Every structure is written in structure tokens, then in C-alpha cells.
2 protein chains.
Amino acid sequence: MSKAADDGGVPGGRGEPAQQLGGEAAGGKLASKLSASSFTPGWTKVSCPCCASERVEPLVLVKLGQKAVPETKRWLIKLIGAPQKDGGAGLLAHPGEDATGNIIVLSAPRCTLLRATEELGLCKIYHTGEMEAFAYNDRDNFRNSDNMEVFLTLAERQYIIKYELDGLRAQKDLRIPGLPDSCTLQKRDNIWQKLGQVGVVVDTFPLHNPDKLKDLSESWYSGNQLTQPLDKVNEYFGSSVAFYFSFLDFYTWSLLPPAILGLFIAYFSTKDIDLHNLKAVFSMLWSTVVIELWKRRSSTLSYQWGTLNLAERFAEPRPGFHGDLGVNPVTGRVEPLFPEWKRDLRMALVSVPVVGLFLGLVVLGMMCFYWAEARVKWLHKDWDSMISQTFLYVPSVLHIVYTNMLATVYRTVATSLTEYENHREESAYDNHLTGKILVFTFFNNFAVLFHIAFFKQDVPLLRKRLASLLIITQLVNQVTEVVIPFLVDRFISAPHRSEREDDPKEDKFRNQGTLPTFPGLFAEYIELLVQFGYLSLFSCVFPLTAVLLLLNNLTEIRSDAYKICKLFRKPFYPPVASMGVWKVAFEVLSFVSVVSNCWLLLLSPRLQKTSQEAGMSGSHLLVGAVMVEHVLILVKVIMAALIPDEPDWIRKKREHIEYTSMQALRQQVRIYSKRISLKGK
Amino acid sequence: MSKAADDGGVPGGRGEPAQQLGGEAAGGKLASKLSASSFTPGWTKVSCPCCASERVEPLVLVKLGQKAVPETKRWLIKLIGAPQKDGGAGLLAHPGEDATGNIIVLSAPRCTLLRATEELGLCKIYHTGEMEAFAYNDRDNFRNSDNMEVFLTLAERQYIIKYELDGLRAQKDLRIPGLPDSCTLQKRDNIWQKLGQVGVVVDTFPLHNPDKLKDLSESWYSGNQLTQPLDKVNEYFGSSVAFYFSFLDFYTWSLLPPAILGLFIAYFSTKDIDLHNLKAVFSMLWSTVVIELWKRRSSTLSYQWGTLNLAERFAEPRPGFHGDLGVNPVTGRVEPLFPEWKRDLRMALVSVPVVGLFLGLVVLGMMCFYWAEARVKWLHKDWDSMISQTFLYVPSVLHIVYTNMLATVYRTVATSLTEYENHREESAYDNHLTGKILVFTFFNNFAVLFHIAFFKQDVPLLRKRLASLLIITQLVNQVTEVVIPFLVDRFISAPHRSEREDDPKEDKFRNQGTLPTFPGLFAEYIELLVQFGYLSLFSCVFPLTAVLLLLNNLTEIRSDAYKICKLFRKPFYPPVASMGVWKVAFEVLSFVSVVSNCWLLLLSPRLQKTSQEAGMSGSHLLVGAVMVEHVLILVKVIMAALIPDEPDWIRKKREHIEYTSMQALRQQVRIYSKRISLKGK
């Protein structure tokens, strides 16, 4: 895709076809002509008259595997185009250049989009100008509900297609045409999952829109902007990505005060020791303020982006969810059910012990490393040869290899564990998976530092280690995340892509398939969290941490933006209302930081010296530190309780949405229940 | 009222009239004849045909003051009887024995009750057997919605009358008939509040129902029941009272494990010291389990009693609330508005400093007491006479007087502060007032103990003080709460009441007015909280605490039940969904207990001796204690997070209620908004 967008800058030439195919918002008429004529045999027909439109916007590309014979493809296109009441996805499908090609291009008609908007629980602007929970029956009262490209964001339109595909379930036992007899679908089987398993569908990914992408990248990272175009990011990539960048932005600016204070202290550090303690106390309280303010900002963004009222738990369960068929007591629909206690039991008896085992392996690895290091040093002292010199590095290398291997194995194990826990909602699945990996990664990153701080109690070593970690990890991250993908794209993938110049329309779509998959926001968030850990847990030993992080993050914003726009396939992300489990992780860290900082302050040689001079015993100093710690935690808890999690005006808007739905219930005579009661009589 | 209920046991005699007037559920026909004939001129007419009923149940008594001339009374009865759309209360009124008497008896017609049920957001049983949020429009689908005495509890019917009276607002500027010209009502003035201020209405209280009361008391405290009839308590006194007794019950039974452990340890204490530490750790974790389980029980009760979905914040503001008229952004109604930031400012700049000042005065008093005690002891040593002997008691007496005066002043100050904070909802007002008094009372009760534990570090003194406090406060409480009111009632009030034998019907009502007002649940809750404080904060120094408390509470249940049934007027209590701020107080205490217990364990002479024998320094011991404390707090936090606050089936029911209201919103085309949009075109 990077080529397509690059070309967009050059008028004429190869840029034109791209605009014709992808640039619906700008060149709508051109594209509609194109989709009606040049594509053979064209888009599937829509079933309802209100959705009939001359313009069809290609949104999602499905890549078929070797197994998909033309018969299967025809069946698939028919299935995708069939109305939902007949078990189809209610979407629009286009077979690509010809019926035998291995791609299907998808789009969605208005009715499907609007119904899914209601199902997802998205809020949209009502004709009064307020955000209201969207209701299909009331669609005419919502602004722009006749123009899908304004009413829904690109990310929402594309996600809805994935949502509909994932929701496809076999209405009866069925053999997939063109496939061997072994590939049959049982009733209520998830069709899309099955098609992936048998190799018919290899890939499903949303298409980039070159015009919008160009517009976005110009206002995001090309110039010297201080602010990010967050609404545009939300429009293009969806609220998950937009929340990440909003948080990155917010967090970076919030580093300014500790950075200034850090510089100030670094300058005056020789004159007054109390400044260090002041800085530590300031950091500890600052982290709570930042997190509370972020919660407010987050709820404001969620309101703006219409995700305040998501109704995931009322929607269909996620594709991987399985259970006995039954009536959902909440919604009254027939769907697979899985008892809560069984899930809790699985978590308690399987997940927790396994995660604990891996954490134990991390500690074991660390202990082996220390033992081996001591052993090798002792050997080196004994022998003092070139060989023993090289041996000195063996434990470190082994430890790094071990840690990396463990992390890889753990990731697979965590995924299976979370799959086994059988969560009903996508977000619950994500949160549990993220939580598991997060605990491990965090442990993996901080075990050594904690060991130095609490067992070795060696503050200078801690300082040295922290400074080197800060600088090295940041460099390594930037290189692995951006430089390597950039080089791979430029010198390996790009020449490969530009070969097929003869068929640019289809190639544009196919080319996006050759880009690597976006690795997900997990790595980005964990990077921030580890940063935040360095800053909050150990900041009092190295006051310039905030300065280094501020500098790093200012470049990180741009490199992350460049990366997601240019180097990867466009990812699917569901609409979300917040950062989810990450917020909790940052909050926990901010409380742990009080304990660690108080301990480090207690260890600081200066304080030890001062207190000895003042004739305080070690016990007194310890009691003092414990009291300071308790007071700080109390202050943080009170601050967190006192600062409201959402601004007053958002609270009112949210309550208004709740009130409206309550009023609706009251004004309505529930006819469907009346019918049942009449039957009963 | 105690007499009336006592009489109920004797067939014939004075018991009959009581049954005729109050015992509607049982003697419905008798009473209806009575209300139609013997009362002159009888009940006001109802305006809507569906509410016309032969039976009217007297629910609430209004006592008029000296200022209320017959003209005023007639106006008042008309106002109360007028439909709500004409600015009336939509209730039924009866002028008592004659038009010049100083009482008005109130009841409510079906429509008013049902509409208020909707407004309060009560849940009732739908025809499907599920609890659903009641909707007036859908009333025919709710079970028993034609029989108010089954559909609503007695407490709910009575509270609704108070709710309607409190909601009376002047529709235009108005002179109150029969009163001097100075007593005028401005538009939107709260009428009932104003009538109270000018002395027209002296008292408004709900009437006891002798039959139901007799039934309740028999199943509650007369026999040797182990369980309380909580549903009946909820039916008769409302959910606030029922929640108190449920909690008392739950808490008492939860004392069993620590009491058994305490007895066990007291028996084996000489043999093994580790048992004490075990007991302390057990108590600390036990308190979290108890509170979490109570939350689950509480939500179950709330579901049973239909208060899961209360809609207070969408209802009219409470009577004392004032502000500039404006459009409520949530409900769109015109009502007084008061900005949130102003309230926050008032709390931060006025309430917090004033409360802090009073806490400071408590500490100051304690310090003066210690100073004076030392001074007097020194004087006594010097002089050693009878006079100096008596002087020894002066500081204690002065301190007690000072503390009590301070508490009285503080209560007044706290009420004005909370009034000044201008909360919109009754529950917010209650919670803030309770919170303020709670902090002070708690401080007042525990300051001395904390001083002994943390500053004097004198464990034997603490143990002595704790044991005496436990026994003395319990005795004092039982005496002041039950014995004194009982004696007053029996020997002072009762003879006074029985004088007017000639007019029993009216006297039954009037007699209830001579009973003292119920002092509220605050004193009951604070007693439990202080108990819980003794138990959780200092239990490790006196292992028999739980045993003493268990014994106390078993009698407390009965005496409290007797008290509320017999010794006081029936109180008004709004439906509530939980214990409110008290739950938080118990939770906070349970966390503070970890800190205090770890400290006390550290101070314990046995541990000090053992560690010295083991060659541990004081610092090591301290670090150990701090680590244990942190781990315990972590375990408590994790336990609190892991135990769900509501049982799975309640969560599903609640989600079902939410889902239904969301579905209603979706299925409904909002015509009222369409009308506006059509007008706009």
C-alpha cells in the first residue's frame, strides 16, 4: 500500500487508477462507473431497494486459498450477498478481475451497515445535535444517516464487514461446494472460521484508501505538527488505534513537568539533598493525577467517537466461543451458553497455576544467571585466560536466549489458555490475553531491577542499569519497529510488487496483501508501560528519566504513525470505549511505585548519612519511611476517589442516554410480551 | 402504638376498633364501611374512575399546628386531593373526626401509587415471573397491579405519600388561606416545606398497622427464632430498615468463625505463640471475605425487594434543593439547577476545613486531658490529700463533658454544612451527612485507643481499655437504647395515652403521635461500626472480642427489633438499594485493620522476645512486619477484586433489565422528537 499512497502525490500516471478504485469519497462518480463497467461480472445485487446505489466502495479484500475452485467461489459470493434472514451476510461481493481469480472484494449496503451500527451499540449524532444510541427504527432522525461514508467512519464500515462475516453461521448441515465431502458444515457452525480452517479463505483484510491515507499522513507526521489529528485517526483506523495514539500524546505531554523538575534537580543536585525526596514525592502523586486526568480525557474521546454505550455483551458471542445451545437469560436469544462458574474454575485451576509456573521459570532463569555469572567470574579469576574471558559472556547470552524462548513459548501458552477459558465477548478475550502476557512481560522486564533494588540493595548499580536500559531499549525498539520493516519494505517487498505493472486496478488490492500484518497494539502499549515503570518505580535514582522518555516519545509518535500508515496492512479494530486493561496496568504500577520509591529513598546513601548525623537509628528511619509510604498511598487513594472519572458534561450526556432508554421502556407497552400472555390464557 | 398492638392479642374489647381502622388487609370490608360512614365528611373523591374503590386504607397522619384554622385545613385537604396535573398531590385526605380537628389522615389512590412506583424506579414482578422495572403504561402486565396492598409494600405506599407531599410545588404565587398575608407562596416554592416553616403542619408520620405489626413482632422477636423475617421487615418498615437488620444478622453470624477461633486460642494460648499471629492474619482476611459476601447478599436482597434499579437521579430534586431554574440536560425538565463545580468548591473550601477543625479539636481535647491527668497526678503526689484525690477524676469528667458537647455541636454543624452543599438527591444528602458524622464519631471513639497503641505503645493498657470499652459501651447502649425508652413509654407516656378512652378510633391515630420519633438508623450502624472497629483493629490483643460481640449482637437483634416495633413512631424510609456509605466505612476499616494489626503484632512482647532469641535485629523485624502487611493488603485487594460483587444470577437479571430498556429504545420511533423536527422544517 505504501506505493499506492506515494503515487497519490504524483498527478496522473499510476496515481489515477488508485483514485478510481479506492478514492470513493473524492472521486465517487468515477469509481461508480468503474464498479459498474470494468469489473466483470460486477457487484452482487442488493435485496432491498433503499440500499440500491450507483456507488459501491470496495472495503475489504478476501484472499482465497488454493483449495477454492470457481464453484466454491461462486457459492461464497452468493452466501455473502444473501440477505441475513436467509443465513447470508447481507454484504456486497465482487469477484475481482475474473471469476477464477483468488480474491473477492467486499462492500456493504446501507441497511446492513445501519443494522450493525445498532447491534454494536454505537452512538451517532441525533438531529438535535446530541449523541444518542443509534436505533435502526429511528434512523431518519440521525444526521447523515443517508450517506454511509459520512455517517460511519471508514474503520467502522470495514469492521462491520468483518463482524458480519464472523457472524455467519450455517443454518443447516451443509457441504461446501467444490470441496471434498469431508468438509461439511454442521448446523450453527461458524462458517468463516471453518473456511479459514479448511484453507478456502487465507486472508481477510480491510483495504487502504489512498486519498484518505495521504490526507491523514500529511496532517499526522509529515510536517512539524505538535498535535495529532486524532479524529482523523479514529475515522481511518478506528477507536482502538486512536486511543493508543491519544494516550501516547497525553502521556508524552504529561512528562513535561517531571522532565523540567528533573533537569532542575540535575542542575542543583549538589547543593541540596531534599530536592531528591521532593522529586520522588512529586512523581508519586503526579502519576495518580495523570492517570485520573487521562480517564477524563478518555471518556471525552469515547463520547466524541460514539463508543460510550457499546453493547457488546448483548451482541452475538465471539466466533471462537462454544457451549451448549440454550436461551440467553439476558437477551432471550438461542445461542451457545457457557456457565460462568466453569470459566472461573478453569481460570483458577488452570490459568493461574500455569502463569505462576512461567513466572517461576523467569525467577529460576534469573537465579541460574546469577549463579553462573558468579561461577564464571570465579573460574576466570582462577584461570585468567582468553577462553575464560569469553566465558564471561556466556551466562548473559544464555540468559537472553532463555528469556526470549520463554517469552515465545509463553505467548502460545497464554493464547491457548485464554481460548480454553472460553470468553463470550471479544473484549473479555482480549483483556484476559493481554493481562496474561502483560504480567509476564512486566515480570520479565523488571525482575532484574527489583532484584538489584530490594535484594542486592545496590543503588549505584541500579542507576547504571536503569540508564543503560532506558537508552538501549529505546534504540532497539525504534530499530526493530521502524527501521527494519522500512528496509524490508523498500528493498525486498517493493521491487517484488512493482513487477506487475500491466494490471494496476487489481494489483493495488493485491499489493496490500503482500504487506506484513500489523503486529498489533500490544507491543506499543507494553513499550509505554515499561517506560512508565522505569519512570515511576525507579525515577528517584535517576532524575533524568523523564527527559529521556520525553525525547523518545516525541519521535515515537511520528515513527508509530509512519509505521501503521505505510509499513503494514490496514488492521481491523473493533470500536472500543477505552484502553481497557492497560488503564488498570498503569494504575497498578502507579501504586507499586510508592512502595518502591519509599524503599529506594530509604536506601539512598545521602539519607542514611543525614539520619546518622541527626542521631536517628535505622529503626526510626524505617518507621518514618513506612509512615511516609502509608500517607502517600492514602493521599493517592483519596485523590483517585475525588477526581471524577469523567467530566461533568460527559456524565450528563451519558445519563441523558440512559434516561432516554428508560423513558422509552416506560412509554412502550410491551406488545411482544402481551402476545405471549394472551397465548397463555 | 404499643398499646394498640398489645390489644390486638385480646379478642373483642378495645381491640376491635383498632382492627377496623388500621387492619385493612384483614378486615377490609369492615373498614370500608367505616370509612364511608363513621368518618365525617369522609375521604376526598378520586378524580379517575379506575381508582374509585370502596376500601380506603389510612396510611399517613398529618398533625396540624395551632395556626391552622378550619379554612386552612379545608384548603389543604383540597390541595392534597387535587390531581397532580392541577398542582395537587393526587392523594386521598380525611379530615379526622371533624373538620376542626388538628389531624388529617391520608391515603393514596391506585393511579398515584402506580405512577410514583414508576418514578421511583421500583422493580416489580412481571407476568413472566421476572422482576422488571415497573412502567405505568405496561401496568397490566405486572402481577397484582390491581391490588395495591399486595403490589406495593406498606412502607412503599406510605413513602409514596410522603414523596407526593414533598413534591408539592406552588404553580403560581399564592396566599395560604386563613393565614396572615405575610405567609405567601412564590411560584415553584415547596409547599410542604413552607407549611412546616409557618407552623401549619407540625408533623407527618406513617401509621402503624396493628395486625401486621403483631404478626411481624411474633415472627421477629417474641419467640426463639434463629432467623429474622427480613421480607416482612421490608414489607412493614421498608428496605432501609430491612437492610440494617439483614446486615446485623449477616454480621452476627459471620462472627462465629473468629469467635470459635478466639475461644480455641484463649484455651491453648499458653502453649503456642504462633496461634496469636495466625488469628490476626485470619481476622484480617476474614473481614474482606465477610464484606465481599455481604455485597453479594446485599445485591440479592436488593433484587428481591425491587430496588435494584432505583432512578433517583432522574426524579425531581429533594425538597431542600435550591438553584436557578433551568432545563435539566439529562431529563429535559425545567427544575432548579445547581452546578457541580460549585458544590465541589463548597465541599473543598468549607466542609473539609471545618470537619478537619473539629477533628483537631478532638485531638486537642485528648492532649489537654493527658496533660491535665499528668498534672493532677503530680499534684496528688505533692499534696496527697482528700481534695487532691477527688481532683484525680476532674480531667476525665471534663474530657467526657467536652467530648459530648463537641459531638452535639458537630452534629448541628455537619447538618448545616451538608445543607449548604446543596445536594440534589436525598441519598447524596444522606450519604454526605452520614459520612461527616461517621468520620468524627469514629475519630472520637478510636483516638484514645490509637494513641495508646501507636504512641504509648502499651499493649497491656490497650488490652485493659479495649475489654472495658467492649463491655461498658455495650451495656450503656442497651440501657440507653432500649431500657430507658421502655421505662419512659411504660411509666410516663402510656398512662398519659390511656386517659382518653372515650374516642378510641381517633385516639389510636393520635396516640401514635405521642410516641417519640425513631432516632434513625445512624446510631445503630455506628454502634456496629465501632464494634467492628474494636474487633478488626485491635482484635489481636484481646482474642475474646468476637465472642463478646457475638453474645451482644444476639441480644441486640431482639432489642433493636422490639425498639423499632414498640417504642417509637413508625418512621418513613425511602426504598434503597444498599447500605450506602456504611458499606464503604466497613471496607475502609477492614483495610486500616491490616496496618494496625501488623503494628500491634510487632509490638507484642512475645514476638519481640522470640525474635531476640532468634538473633533478629529490630530493623529486620520491622522490615518483616512491613512485608507481611504489604502482602496482606495485596491479598485483600486481590480477593476483593476476584469475588464478584453480585451473584451470577443477579448479574444476569440486572443485565436483562438493562437489555429490555435498550431494546425498547431501539424498537421505538421517537415520535416526540419527530414532532419537533417536523416543526423545525
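Predicted, not measured: the structure shown is a model, and the values here were computed from it.

Caption draft 1: Geometry of the overall build of chain A. Secondary structure summary: chain A contains 26 helices and ten strands in total. Counting all 681 residues of chain A, 53% fall into the buried class. Within chain A, residue pairs in contact and separated by at least 24 positions form 73% of the contacts whose partners lie at least 6 positions apart. Counting only carbon and sulfur atoms, one obtains 63% of the accessible surface of chain A, whose full area is about 31,000 Å².

Caption draft 2: Looking closely at helix α20 (residues 522-538) of chain B. In a regular helix each residue adds 1.5 Å, so 17 residues correspond to 24 Å; α20 of chain B covers 23 Å between its end C-alpha atoms and thus fits that length. In terms of burial, α20 of chain B is largely enclosed, as 16 of its 17 residues are buried.

Caption draft 3: Layout of the sheet that holds strand β2 (residues 92-94) of chain B. All names here are of chain B. Pairing within the open sheet is antiparallel, and its four strands lie in the order β2-β3-β1-β8. Across the chains shown, the open sheet's two edge strands, defined by having one partner strand only, are β2 and β8 (201-206). Sheet twist, expressed as the mean angle between neighbouring strand axes with direction ignored, is 20 degrees. Along the sheet, helix α4 (residues 70-81) makes contact with β1 (60-64), β2, β3 (103-107) and β8, crossing β3 at roughly 5 degrees.

Caption draft 4: Seen up close, the sheet that holds strand β8 (residues 201-206) of chain A. Residue and element names in this part refer to chain A. The strand order across the open sheet built from four strands is β2-β3-β1-β8, with neighbouring strands paired in antiparallel fashion. A strand with exactly one partner marks an edge of an open sheet, and here the two such strands are β2 (92-94) and β8. Going from strand to strand, the sheet's axes swing by 20 degrees on average, the running direction of each strand aside. For β2 and strand β3 (residues 103-107), the ladder comprises three bridges, and the chain directions are antiparallel.

Caption draft 5: Representation of the layout of surface pockets within the structure. All names here are of chain B. Roughly 1,600 Å³ of volume is contained in the second largest pocket. As for the second largest pocket, its lining consists of 42 residues, and the residues nearest its centre are T403, N404, N444, N445 and T473. When residues of the lining of the second largest pocket are traced back to their parent elements, those giving at least two are α14 (340-383), α16 (394-421), α17 (426-456), α18 (459-497) and α20. No other element matches the ten residues that α18 contributes to the lining of the second largest pocket. Within the lining of the second largest pocket, the residues separate by chemical class into 20 nonpolar, 15 polar and seven charged.

Caption draft 6: Looking closely at the relation of the copies chain B and chain A. Least-squares fitting of chain B to chain A yields an RMSD of 0.1 Å, with the superposition described by an axial translation of 0.1 Å and a rotation of 180 degrees. Viewed as a symmetry operation, the transformation between the two copies matches a two-fold axis. Interface overlap between copies is the fraction of interface residues in one copy that are interface residues in the other; for chain B against chain A it reaches 98%, indicating a shared surface.

Caption draft 7: Region of the structure containing the interface of chain B and chain A. Taken together, the 50 residues of chain B in the interface contact 49 residues of chain A. For the chain B and chain A pair, buried surface summed over both sides reaches about 4,600 Å², with 55% attributable to carbon and sulfur atoms. Linking chain B with chain A are three salt bridges. Across the salt bridge formed by E340 of chain A and R651 of chain B, the nearest N and O atoms sit 3.2 Å from each other. Linking chain B to chain A there are ten residue pairs in polar contact (both at pLDDT 80 or more).

Caption draft 8: Geometry of the environment of L179 of chain A. Residues and elements named next belong to chain A. Position of L179 among the secondary structure elements: in the loop between β6 (174-175) and β7 (184-185). A residue is classified by how much of its surface remains accessible, and L179, at 6% relative accessible area, is buried. Once you skip the residues sitting within four places of it in the chain, L179 turns out to touch K67, T72, V198 and V200.

Caption draft 9: Up close: the confidence of the model for chain A. Residue and element names in this part refer to chain A. Mean pLDDT over chain A stands at 82; residues scoring 70 or higher make up 88%. Segment residues 1-40: pLDDT under 50, and 75 contacts once partners within four positions in sequence are set aside and those in other chains are kept. Predicted confidence is poor over residues 672-681, with pLDDT under 50, and the contacts of this stretch with residues over four places away or in other chains come to eight contacts.

Caption draft 10: Up close: the UniProt feature "transmembrane region" (unreviewed entry) in chain A. All names here are of chain A. Under the UniProt annotation, the feature "transmembrane region" (unreviewed entry) is placed at residues 250-268, 347-371, 391-413, 433-454, 528-551, 572-602 and 622-643. Secondary structure within residues 528-551 divides into 75% helix and 0% strand; the distance between the first and last C-alpha atoms comes to 13 Å. Within the segment residues 622-643, helix and strand shares are 95% and 0% respectively, and the terminal C-alpha atoms sit 31 Å apart.

Caption draft 11: Structural detail: a nonpolar patch on the surface. A contiguous nonpolar surface patch, about 620 Å² in accessible area, is contributed by V479, V483, I484, L487, V488, F491 and I492 of chain A. Following the sequence through the fold, V479 of chain A ends up in helix α18 (residues 459-497).

Caption draft 12: Inspection of the packing of aromatic side chains at higher detail. All names here are of chain A. Here the structure, examined in full by the defined rule, presents 64 aromatic pairs over all chains. Arranged with centres 6.2 Å apart and planes meeting at 25 degrees, the rings of F446 and F538 form a pair that is stacked. Here F446, found in helix α17 (residues 426-456), pairs with F538, found in helix α20 (residues 522-538); they are 92 residues apart in sequence, far enough to count as distant. Residue F538 is classed as buried on the basis of its relative accessible area, which comes to 0%. Here R115 stacks its cationic end above the ring of Y136, 4.1 Å away from the centre of that ring.

Cut-offs used in this document
Numbering of residues starts from 1 in every chain and runs along the sequence as written. Written order determines the labels here, with chains lettered from A and ligands numbered from 1. For a predicted model such as this one, the threshold for reporting local features is a pLDDT of at least 70, and the threshold for listing and counting side-chain atom pairs is 80 or more; totals across whole chains, interfaces and linings nevertheless cover every residue. By convention in this description, side-chain values take in all heavy atoms of the structure and omit both hydrogens and water. Numbered from the N terminus, helices here are DSSP runs of H or I no shorter than four residues, and strands are runs of E no shorter than two. Each residue gets one of three labels from its accessible area relative to the maximum for its type: buried under 20%, exposed over 50%, partly exposed in between, using a 1.4 Å probe on protein chains only. Here, two residues are considered to be in contact whenever any of their heavy atoms come within 4.5 Å of each other. Surface accessibility follows the Shrake-Rupley procedure with a 1.4 Å probe radius. Residue values consider only the protein chains on display as shielding. The span you would expect from a helix comes to 1.5 Å times its residue count less one. Pairing between two strands requires that DSSP report at least two bridges joining them. For helices, the axis comes from a line fit to the C-alpha atoms of the stretch in contact; other axes are also lines fit to C-alpha atoms, and the angle between any two N-to-C directions lies between 0 and 180 degrees. For cavity detection a 1 Å grid was placed over the protein atoms alone, and a set of points counts as a cavity when a 1.4 Å probe fits there but cannot get out; an open set counts as a pocket when protein lies on both sides within 12 Å along at least five of seven lines, with lining residues being those that have an atom within 4 Å of a point. Grid points are joined across faces, edges and corners, and a volume is the space filled by probe spheres set on the points. When residues are grouped by polarity, Ala, Val, Leu, Ile, Met, Phe, Trp, Tyr, Cys and Pro land in nonpolar, Asp, Glu, Lys and Arg in charged, and all others, Gly among them, in polar. Alignment of copies: least-squares fit on C-alpha atoms of residues with pLDDT of at least 70 in both copies. By buried area we mean how much accessible surface two parts lose on assembly, using a 1.4 Å probe and totalling the loss over both. Any carboxyl oxygen of Asp or Glu within 4 Å of a side-chain nitrogen of Lys or Arg constitutes a salt bridge here. Under this definition, polar contacts are N or O atom pairs within 3.5 Å; protein pairs additionally need one hydrogen-donor-capable and one acceptor-capable atom, and for neighbouring residues in sequence, both atoms have to be side-chain atoms. One confidence number per residue, pLDDT, is output by the predictor and ranges from 0 to 100. UniProt positions are given in the numbering used here, feature names are shortened, and annotations may be inferred rather than shown by experiment. Only residues above 30% relative accessible area that lack a salt bridge enter a patch, with like-charged residues linked at up to 9 Å and the nonpolar side chains Val, Leu, Ile, Met, Phe, Trp and Tyr linked at up to 5 Å. Note on aromatic contacts: the rings of Phe and Tyr and the six-membered ring of Trp form a pair at centre separations within 6.5 Å, being stacked when their planes are under 30 degrees apart, edge-to-face when over 60 apart, and tilted otherwise. Placement of a charge over a ring requires the Lys NZ or Arg CZ to be within 6 Å of the ring centre, with the centre-to-atom vector within 35 degrees of the ring normal.

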